[in-house]
2 protein chains.
Amino acid sequence: MSAARPTPQVAAGIAAIVRAAGSHVPLLLAAVELRLAEIAQTHGPLLGRHAGDTIASGGKRLRPLLVLLAAGREPEDPSELLACAAAVELVHSATLVHDDVLDSAALRRGVPTVWAQGGRALAVATGDLLFSRAFAEMTAVGTIAAVRTLSRASSALAEGELLQREDAWNATVSVERYLYRCELKTARLFEAACELGAISAGEPQAHVTALGAFGLRLGLAFQLLDDVLDVSGSAGQTGKHRGTDLLDGTVTLPLILARRRDETIAAVDPREIVTPQQADALCERIEATGALADARAQALAIVVDAKQGLAALELGDGQARALDLVADSVVDRQA
Amino acid sequence: MSAARPTPQVAAGIAAIVRAAGSHVPLLLAAVELRLAEIAQTHGPLLGRHAGDTIASGGKRLRPLLVLLAAGREPEDPSELLACAAAVELVHSATLVHDDVLDSAALRRGVPTVWAQGGRALAVATGDLLFSRAFAEMTAVGTIAAVRTLSRASSALAEGELLQREDAWNATVSVERYLYRCELKTARLFEAACELGAISAGEPQAHVTALGAFGLRLGLAFQLLDDVLDVSGSAGQTGKHRGTDLLDGTVTLPLILARRRDETIAAVDPREIVTPQQADALCERIEATGALADARAQALAIVVDAKQGLAALELGDGQARALDLVADSVVDRQA
């Protein structure tokens, strides 16, 4: 259960999203991109290289996109909105860099990680700097409410990481605890992204909370589907081999569900899975139990919930349609 | 050049400081301590144990003390002041936890590090959480100006760490670059501590800046003296063996100055120093050049500057005396 792995499907979805949301969205996304590149370059050659690579390979900017879409209309002065969008991506990037240290991961999306290129020390420091820069970015133009939202989400991320370490290799972890881990590790930053957009747009608290609830559900579904992808394979989609979660002791929903249906799977000690071949074989057996289909169905139900929550809000047509499409794009990663 | 290592001298100094500053200071320090313990305990048993140990072994609370003293008088509502004091200590603690990962350090102040007890992954995540909690603490009650001050300091800390990695094993690093590293790695958090106290007290910007300048100089002297201590030894004072900086490739002022005076030292490649015995022998030779005395004199001159800057401010007698005593306590670590 590493953090989000955006896929080509998400990218394809973005074009339709942008059509629905209006032409200011790609312009603002481009401005976020420029700002991220500037931030990477203002800290000397070392950070420029390593943080720049990380930010550049950072995927499809799903979180900044959520910030922009949750704001709805184009603001007269976009500086706070842009800072929020850049900041969530910086926090996400910081997490990726530290995750790669934790997992000793050589590649991310086919690109060598900071850990692999510069070593542990450089990767820890680079993550710390990206993280600090996120807050510096927000405090330069943002309100205290916005910074508070980001700091809560980043506390949740770190707590989720600790929870994952605490539960490592424990096959008997409950579904509830697994879902809580997903909430902390992934969903709370999605929630914050949506809240930050709404806060920047000056929306009332009830609206901020409702958009946040949409983001939280979306993030939860995103992580569940990510964990299904790790077992189902399609390395072309994920850029990783199947079963990496099994190999690093991360027990996710597919295994939890499969253990209930297959005694031989229930008898497996996760620590016994040490080779890619063993992981691959266990993935096959998990899939054969129907656990993947069930986990996927659970994720889709959460997306339906998210969309229903949106429908209850009085959003403009374009905004509602764009957020709906983002929800669809998360599901389509599995297609 | 690890971050600050407070010593018994500092502790002894604190009693006198408290006498000068007034009885509200120990009460507020106790409140900070309580808050830090609460924060460690609100994140489950794993963080409670590891972060709690780190925070508990975190030394003499020099940075929170600076926050409280820079505020001057006792505020009617101390909540922002306490949050600032707790936050600077949390950022400092986060840095210590990550530094121990970077250095693979088994002990800090004689206590096993989080890295040694829980491993790399746990230590990275614990540091991230302490860091996030610092911002959460500030944003709960602080102003945007205060959060901005903290975020700039924490960016500087991470930049300093990157700079240290970039300059590792490079014996030809310049004094200017070394001083800039000290500024980033240590002095900017001292500066932020003083600024945060003044901000909490509602002081005008010029006063905030002037107190910040005092903190910056104090932090710079603190790091210089710390680096002298690493070469001069007195493991009883520092809780470490002498020459640890040499062993981990950190080139500090004593070596930089000694290389100018002794050709045989200038000819040493830092990578050749791999055993504690070799490090000890090189420390002896550095000391014999008089480089330690020079580095110490440079630090003392910075402290004199810091005090002179203070004298130009119109502080109350108690506050001026207390800050003077803090400056003295930093120098006394060398006694």
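Residues numbered from 1 in each chain as written. Chains lettered and ligands numbered in written order. Predicted model: local features only at pLDDT ≥ 70, side-chain atom pairs only at ≥ 80, totals over all residues.

(A) Broad picture of the overall build of chain A. Assigned secondary structure in chain A consists of 17 helices and two strands. Scaling as 2.2 N^0.38, a compact globule of 335 residues should have a C-alpha radius of gyration of about 20 Å, and chain A matches this with 19 Å. In terms of its C-alpha atoms, chain A occupies a principal-axis envelope of roughly 60 × 50 × 30 Å. Every one of the 335 residues in chain A was classed for burial, and the buried ones make up 57%. In chain A, the share of contacts with a sequence separation of at least 24, taken over all contacts with a separation of at least 6, comes to 77%. (Helix = DSSP H or I, 4+ residues; strand = E, 2+ residues; numbered from the N terminus. Rg over C-alpha atoms; globule rule 2.2 N^0.38 Å. Buried ≥ 20, exposed ≤ 12 C-beta atoms within 10 Å, placed from the backbone. Contact = placed C-beta atoms within 7 Å.)

(B) Quick look at the relation of the copies chain A and chain B. After a rotation of 180 degrees and a shift along the axis of 0.0 Å, chain A superposes on chain B with an RMSD of 0.0 Å. Such a combination of turn and shift is consistent with a two-fold rotation axis. Taking C-alpha positions as the reference, the residue of chain A nearest the rotation axis is Ile 144 of chain A, at 2.7 Å. Counting the interface residues of chain A, we find that 100% of their copies in chain B are interface residues as well, pointing to one common contact surface. (Least-squares fit on C-alpha atoms with pLDDT ≥ 70 in both.)

(C) Up close: helix α12 (residues 253-261) of chain B. Of all nine residues in α12 of chain B, seven are buried; the element is thus mostly enclosed. Those residues of α12 of chain B that are buried are in contact with α8 (175-200), α9 (205-232), α13 (263-266), α14 (276-288) and α15 (291-311) of chain B.

(D) The interface of chain A and chain B, seen in detail. Contacts between the two partners involve 34 residues from chain A, matched on the other side by 34 residues from chain B. The set of elements that each furnish at least two residues to the side of chain A that touches chain B consists of α3 (44-56), α5 (79-103), α7 (120-141) and α8 (144-166) of chain A. Considering each element in turn, the side of chain A that touches chain B owes the most residues, 14 residues, to α7 of chain A. A per-class count over the side of chain A that touches chain B returns 17 nonpolar, nine polar and eight charged. (Nonpolar A, V, L, I, M, F, W, Y, C, P; charged D, E, K, R; others polar.)

(E) A look at the packing of α9 of chain B against helix α16 (residues 317-332) of chain B. All names here are of chain B. Following both chains from N to C, one finds α9 and α16 inclined at 15 degrees, their axes separated by 9 Å at the closest point. In terms of their interaxial angle, α9 and α16 are classed as roughly parallel. When the axes of α9 and α16 are compared, the crossing they make is left-handed. When α9 is examined against α16, the residues Phe 214, Leu 218, Ala 221, Phe 222 and Leu 225 are found in contact with a partner set consisting of Leu 323, Ala 327 and Val 330. For the contact of α9 with α16, the residue count by class is eight nonpolar, no polar and no charged. (Axes fitted to C-alpha atoms, helices over the stretch in contact; angles between N-to-C directions. Parallel < 35°, antiparallel > 145°, perpendicular 65-115°, else oblique. Left-handed = near helix turned anticlockwise from the far one by under 90°.)

(F) Structural view of the confidence of the model for chain A. All names here are of chain A. Looking at chain A, the pLDDT average stands at 88 and 90% of residues meet or exceed 70. With pLDDT under 50 throughout, residues 2-10 is counted as low confidence; its partners more than four residues away or in other chains account for 28 contacts. ipTM for the predicted complex: 0.85, alongside a pTM of 0.89. (pLDDT = per-residue confidence, 0-100.)

(G) Geometry of the packing of α15 of chain B against α16 of chain B. Residues and elements named next belong to chain B. At a minimum axis distance of 10 Å, the contact between α15 and α16 shows a crossing angle of 175 degrees. In terms of their interaxial angle, α15 and α16 are classed as roughly antiparallel. In contact with Leu 300, Val 303, Ala 306, Lys 307 and Leu 310 of α15, α16 contributes Ala 320, Leu 323, Asp 324, Ala 327, Val 330 and Val 331. A class-by-class count of the residues in the contact of α15 with α16 yields nine nonpolar, no polar and two charged.

(H) Layout of the environment of Phe 190 of chain A. Tracing the backbone through its elements, the reader meets Phe 190 of chain A in helix α9 (residues 175-200). When the 31 C-beta atoms within 10 Å are taken as the criterion, Phe 190 of chain A is described as buried.

(I) Structural detail: α7 of chain A. Taking 1.5 Å of rise per residue, the 22 residues of α7 of chain A would be expected to cover 32 Å, and the 33 Å separating its terminal C-alpha atoms lies within 8% of that figure. Burial analysis of α7 of chain A places 19 of its 22 residues in the buried class, the great majority of the element. (Expected span 1.5 Å × (residues − 1).)

(J) Structural detail: the environment of Ala 20 of chain A. Residues and elements named next belong to chain A. Relative to the assigned elements, Ala 20 resides in helix α1 (residues 8-21). The exposure class assigned to Ala 20 is partly exposed, which follows from the 18 C-beta atoms found within 10 Å. Distance in space between the C-alpha atoms of Ala 20 and Asp 317 is 8.3 Å, their sequence separation being 297 residues. Excluding residues that lie within four positions of it along the chain, Ala 20 makes contacts with Gly 318, Arg 321, Ala 322 and Leu 325.

(K) How the structure looks around unusual backbone geometry. All names here are of chain A. Located in the positive-phi region is Trp 169, a residue other than glycine, with phi close to 70 degrees. Note that Trp 169 resides in the loop between α8 and α9. By the C-beta count within 10 Å, which is 13 here, Trp 169 ends up partly exposed.

(L) Geometry of the environment of Ala 158 of chain B. Here Ala 158 of chain B is to be found in helix α7 (residues 144-166). Sequence-wise, Ala 158 of chain B and Leu 184 of chain B are 26 residues apart; in three dimensions their C-alpha atoms are separated by 7.9 Å. Setting aside residues up to four positions removed in sequence, Ala 158 of chain B forms contacts with Ala 125, Asp 128, Leu 129 and Ser 132 of chain A.

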